[in-house]
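Spelled out from the first residue to the last, the chains are:
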Amino acid sequence: MRTTLTLTATLALAACLLLEPSTARANWNAKAKHYCTYWGSAGLFPDDEKALAANPLAKLKIPLRNGQQLEFPLLYIFKGYELDESPREWSTIWTGFSQACPGWPKPQWAQKLERWKAQNAPKGDPRIAKRKARIRALLASADSIEAKALAERNRVMASAAYQKITGGREDWKVAATAKKAFLSRIVSLRSTKYLVVGKVMQNQKEGAWVNGLSITPKPVVDAPGTRTTPTRLFVQTPKAGSVRSDGNFLSQGLYLLGLPTQKNPDLVFGRSISADRKKAIGAAAQELKVVTGNIKNGEAKLNAMMRSAVKLEGEAKRLRLLAEKLQSQNTGR
């Protein structure tokens with residue numbers, strides 16, 4: 001490395017001796033030719049030399065073609081060649097050069113140094129070079145295959161078949177289970193009958209308000225109209241005799257006419273279900289079949305749809321693991 005530094009210093013010294021600026025003060029346009037020609041070993045203009053002497057971190061303000069301004073350390077322009085063994089600074093020097101001096105070739109001393117390094121670099125193990133090339137190829141293939149896998153996933157997720165099962169939701173199964181429970185409650189309206197017993201609160205022409213219980217004669221799991229504690233209920237046009245002379249109420253064979261909601265929490269019972277309500281319950285029953293089928297077979301169908309994407313992802317993973325294995329071999333050497 002000392003040989004490299006000696007050559008660097010020699011080349012830089014020669015460059016400095018070739019041209020020292022004489023103008024006491026000049027703008028960037030006047031300085032550009034000198035600094036771009038000898039960047040990294042350029043003698044400084046007097047004003048810049050004075051600024052650097054006062055502050056080793058002083059920077060030169062360089063206007064760029066895009067209207068912006070680059071502030072670059074004078075030390076790097078003056079003797080950046082001495083930082084040859086510091087890759088970070090070396091990279092900064094030539095990044096600044098490409099911005100401040102677009103289109104200019106690197107100074108001859110830097111070109112000669114790079115050629116000398118290339119000629120005197122230790123010969124690499126061809127097996128390592130071959131493995132590195134193989135690693136790059138494997139990783140490139142993995143990237144390409146992963147991009148195809150992602151495109152395939154997106155295509156499947158946008159398909160009508162996928163949307164029919166998931167509704168576009170990742171938690172589709174949780175949502176489907178909740179929807180099944182809701183639809184089941186609706187469908188139960190046409191098949192579940194209740195017995196209502198209690199105390200009449202108000203008897204009207206349309207029906208009776210009752211403070212009482214509503215139960216199913218035969219046990220029904222999660223029957224939406226079941227109430228086992230005294231509740232305010234309404235029974236439309238109850239049968240004669242349902243309202244007793246002592247104010248008690250008893251009627252059986254009643255249907256719940258609709259699910260209670262937060263907005264309308266009252267339970268309303270009647271002796272029959274209207275045609276429109278039967279039609280709505282029938283539509284809910286058809287939807288319930290679809291939802292139940294999705295819960296039962298949805299995952300298998302989704303897995304089948306994604307089989308191609310999963311296969312591509314597996315191949316990409318295999319290539320990356322192979323690249324890691326080759327990389328560890330290179331590191332081990």
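Since this is a predicted model, take the numbers as computed values, not measurements.

Asker: Describe the pattern of salt bridges, with residues and values.
Answerer: Per the counting criterion, the structure on display carries 13 salt bridges. One salt bridge connects Arg320 with Glu146, and the closest N-O pair in it is separated by 3.0 Å. Pair noted here: Arg320 is in helix 11 (residues 307–332) and Glu146 is in helix 7 (residues 126–158), with a separation of 174 residues, a long-range link. Residue classification places Arg320 among the partly exposed positions, given a relative accessible area of 25%.

Asker: With reference to specific residues and values, describe the pairing of strand 4 (residues 207–215).
Answerer: Taken together, the 8 bridges between strand 3 (residues 193–203) and strand 4 define a ladder with antiparallel strand orientation. Residue pairing across strands places Leu195 opposite Ile215, the latter belonging to strand 4. Here strand 3 folds back onto strand 4, and the loop between the two strands holds 3 residues. Bridge count between strand 4 and strand 5 (residues 227–236): 7 bridges; the pairing is antiparallel. Within the sheet, the bridge partner assigned to Val210 lies in strand 5 and is Leu233.

Asker: Could you give an account of helix 2 (residues 28–37), naming the residues involved and the relevant values?
Answerer: All of the buried residues in helix 2 are Trp28, Lys31, Ala32, His34, Tyr35 and Cys36. Among the structural elements, helix 3 (46–54), strand 1 (59–63), helix 4 (74–79) and helix 5 (87–100) are those in contact with the buried residues of helix 2. Among the residues of helix 2, the N-terminal cap falls to Asn27, whose side-chain oxygen and the backbone nitrogen of Asn29 are separated by 3.2 Å.

Asker: Can you break down the packing of helix 9 (residues 172–187) against helix 10 (residues 275–305) residue by residue, with the values?
Answerer: At a minimum axis distance of 9 Å, the contact between helix 9 and helix 10 shows a crossing angle of 155°. Classified by the interaxial angle, the pair formed by helix 9 and helix 10 is roughly antiparallel. Both helix 9 and helix 10 take part in a crossing whose hand is left-handed. Between helix 9 and helix 10, the residues in contact are Trp172, Lys173, Ala176, Thr177, Lys179, Lys180, Leu183, Ser184, Ile186 and Val187 and Ile281, Ala284, Ala285, Glu287, Leu288, Val291, Thr292, Asn294, Ile295, Gly298, Glu299 and Leu302, respectively. Tallied by class, the residues present in the contact of helix 9 with helix 10 amount to 12 nonpolar, 5 polar and 5 charged.

Asker: Can you break down the state of the cysteines residue by residue, with the values?
Answerer: As used in these notes, a disulfide is a covalent bond between sulfur atoms, one from each of two cysteines. For the structure shown, the criterion picks out 1 disulfide. At a sulfur-sulfur separation of 2.0 Å, the disulfide partner of Cys36 is Cys101. Note on the Cys36 and Cys101 pair: the S-S dihedral is about -80°, so by sign convention the disulfide is left-handed. Separated by 65 residues along the polypeptide, Cys36 in helix 2 and Cys101 in the loop between helix 5 and helix 6 (108–120) bring together distant segments of the chain.

Asker: Provide a residue-level description of the nonpolar core, including the pertinent values.
Answerer: Counting 35 residues, the largest nonpolar core has Val196, Val235, Phe249, Leu256 and Phe269 as its most contacted members. Taken together, the elements giving at least two residues each to this core come down to helix 8 (160–166), helix 9, strand 3, strand 4, strand 5, strand 6 (248–256), strand 7 (267–270) and helix 10. The element best represented in this core is helix 10, accounting for 7 residues. Dropping the residues within four chain positions of it, Val235 is found in contact with Val196, Glu206, Gly207, Ala208, Phe249, Leu254 and Phe269.

Asker: I'd love a proper account of unusual backbone geometry, names of residues and values included.
Answerer: Even without being a glycine, Asp222 presents a positive backbone phi close to 55°. With respect to the secondary-structure elements, Asp222 resides in the loop between strand 4 and strand 5. With a phi close to 30°, Thr237 is a non-glycine residue in the positive phi region. Checked against the element boundaries, Thr237 lands in the loop between strand 5 and strand 6. Exposure remark for Thr237: the relative accessible area of 41% places this residue in the partly exposed category.

Asker: Which residues make up the sheet that holds strand 4, and what values do they have?
Answerer: Around the barrel, 5 strands lie side by side as 3-4-5-7-6; this closed barrel has mixed pairing. For this sheet, the mean angle separating the axes of adjacent strands, direction not counted, is 55°. Both strand 3 and strand 6 contribute to a ladder of 6 bridges, which runs antiparallel. Among the inter-strand pairings, Tyr194 is bridged to a residue of strand 6, identified as Leu254.

Asker: Requested: an account of the side chain of Glu152, with residues and values cited.
Answerer: By secondary structure assignment, the location of Glu152 is in helix 7. Setting aside chain neighbours within four positions, we find Glu152 in contact with Ser308 and Ala309.

Asker: Lay out helix 3 with the relevant residues and their values.
Answerer: Here helix 3 has its buried residues at Asp47, Asp48 and Leu52. One side of helix 3 carries all its buried residues, which in axial view fall inside an arc of 135°. Exposed residues pointing more than 90 degrees away from the buried face of helix 3 are listed as Lys50, Ala53 and Ala54. Tucked into the core, helix 3 has its buried residues touching helix 2, strand 1 and helix 4.

Reading guide: rules and limits
- Residues numbered from 1 in each chain as written.
- Predicted model: local features only at pLDDT ≥ 70, side-chain atom pairs only at ≥ 80, totals over all residues.
- Heavy atoms only, no water.
- Salt bridge = Lys/Arg side-chain N within 4 Å of Asp/Glu carboxyl O.
- Helix = DSSP H or I, 4+ residues; strand = E, 2+ residues; numbered from the N terminus.
- Buried < 20%, exposed > 50% of the residue type's maximum accessible area, 1.4 Å probe, protein only.
- Pairing = 2+ DSSP bridges.
- Contact = heavy atoms within 4.5 Å.
- Polar contact = N/O pair within 3.5 Å; in protein donor to acceptor, adjacent residues only side chain to side chain.
- Axes fitted to C-alpha atoms, helices over the stretch in contact; angles between N-to-C directions.
- Parallel < 35°, antiparallel > 145°, perpendicular 65-115°, else oblique.
- Left-handed = near helix turned anticlockwise from the far one by under 90°.
- Nonpolar A, V, L, I, M, F, W, Y, C, P; charged D, E, K, R; others polar.
- Disulfide = S-S within 2.5 Å.
- Core = buried A, V, L, I, M, F, W, Y, C linked by side-chain atoms within 4.5 Å.
- Arc of directions from axis to C-beta.

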